[in-house]
Amino acid sequence: IAYIKENGRYGLIDKSGRVVEDPQYSNISTKINNGYIRVENCNGKWGIIDTEGHTVVESRHEYIFGDISEGMARIQQVESFGFANCRNGNIIAPVFNYVYEFSEGLAVVRLTEEQLTEHSISSDRTD
């Protein structure tokens, strides 16, 4: 996969030169992370596509962090954080003060700024 830029928009092509994803994004991650690519639409919202150009997470998030671990992407909406599951599109609502990467099916989340205790959540959670 290679990135293309046309008229200020980014897309993807494969080794044969076939356009995999039309140039439609205002920003595209230069790093392919476990087969996933972060993209920003022209409205400034972030989503994720796979290397075939399929949308796996809709472009409706304020920000999506670069590291996708165990198929889970960390998302941000205003001052809250949550997760998007790249395998099935499920969202763990951005209601946390901060979230850390998944490891072995669990992630540490901080509930409030004042609360120093951190909790683990499962990647099976679907809210």
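Rules behind the numbers
Residues numbered from 1 in each chain as written. Predicted model: local features only at pLDDT ≥ 70, side-chain atom pairs only at ≥ 80, totals over all residues. Heavy atoms only, no water. Helix = DSSP H or I, 4+ residues; strand = E, 2+ residues; numbered from the N terminus. Contact = heavy atoms within 4.5 Å. Areas by Shrake-Rupley, 256 points an atom, 1.4 Å probe, with all protein chains shown as cover. Pairing = 2+ DSSP bridges. Axes fitted to C-alpha atoms, helices over the stretch in contact; angles between N-to-C directions. Salt bridge = Lys/Arg side-chain N within 4 Å of Asp/Glu carboxyl O. Buried < 20%, exposed > 50% of the residue type's maximum accessible area, 1.4 Å probe, protein only.

Observations concerning the overall build of the protein chain
No. 1: Within the protein chain one finds 0 helices and 14 strands.
No. 2: Intrachain contacts of the protein chain at a sequence separation of at least 6 include 25% that bridge at least 24 residues.
No. 3: Accessible surface, the protein chain as shown: approximately 7,000 Å² in total, 44% of it carbon and sulfur.

Considerations on the sheet that holds strand β11 (residues 91–96)
No. 1: Pairing is antiparallel across the open sheet formed by 4 strands, whose spatial order is β8-β9-β10-β11. This sheet does not close on itself; its edge strands, each paired only once, are β8 (63–69) and β11. The sheet shows a mean angle of 20° between the axes of neighbouring strands, direction not considered.
No. 2: Pairing geometry for β8 and strand β9 (residues 72–77), over 4 bridges, is antiparallel. When the sheet's bridge partners are listed, Tyr-63 is paired in β9 with Gln-76.

Observations concerning the pattern of salt bridges
No. 1: In the structure shown here, the tally under the stated rule is 3 salt bridges.
No. 2: A salt bridge links Glu-52 to Arg-18; the nearest nitrogen and oxygen atoms lie 3.9 Å apart. Taken together, the residues Glu-52 in the loop between β6 (46–50) and β7 (55–61) and Arg-18 in the loop between β2 (9–13) and β3 (19–25) connect sequence positions 34 residues apart.
No. 3: What makes Arg-18 partly exposed here is its relative accessible area of 44%.
No. 4: Notably, a salt bridge pairs Lys-31 with Asp-67, separated by 3.6 Å at the nearest N-O pair. Of the two residues, Lys-31 sits in the loop between β4 (27–28) and β5 (36–40) while Asp-67 sits in strand β8, which places them 36 residues apart along the sequence.
No. 5: Several salt bridges share partner residues, and in doing so they unite Asp-14, Arg-18 and Glu-52 into one network.

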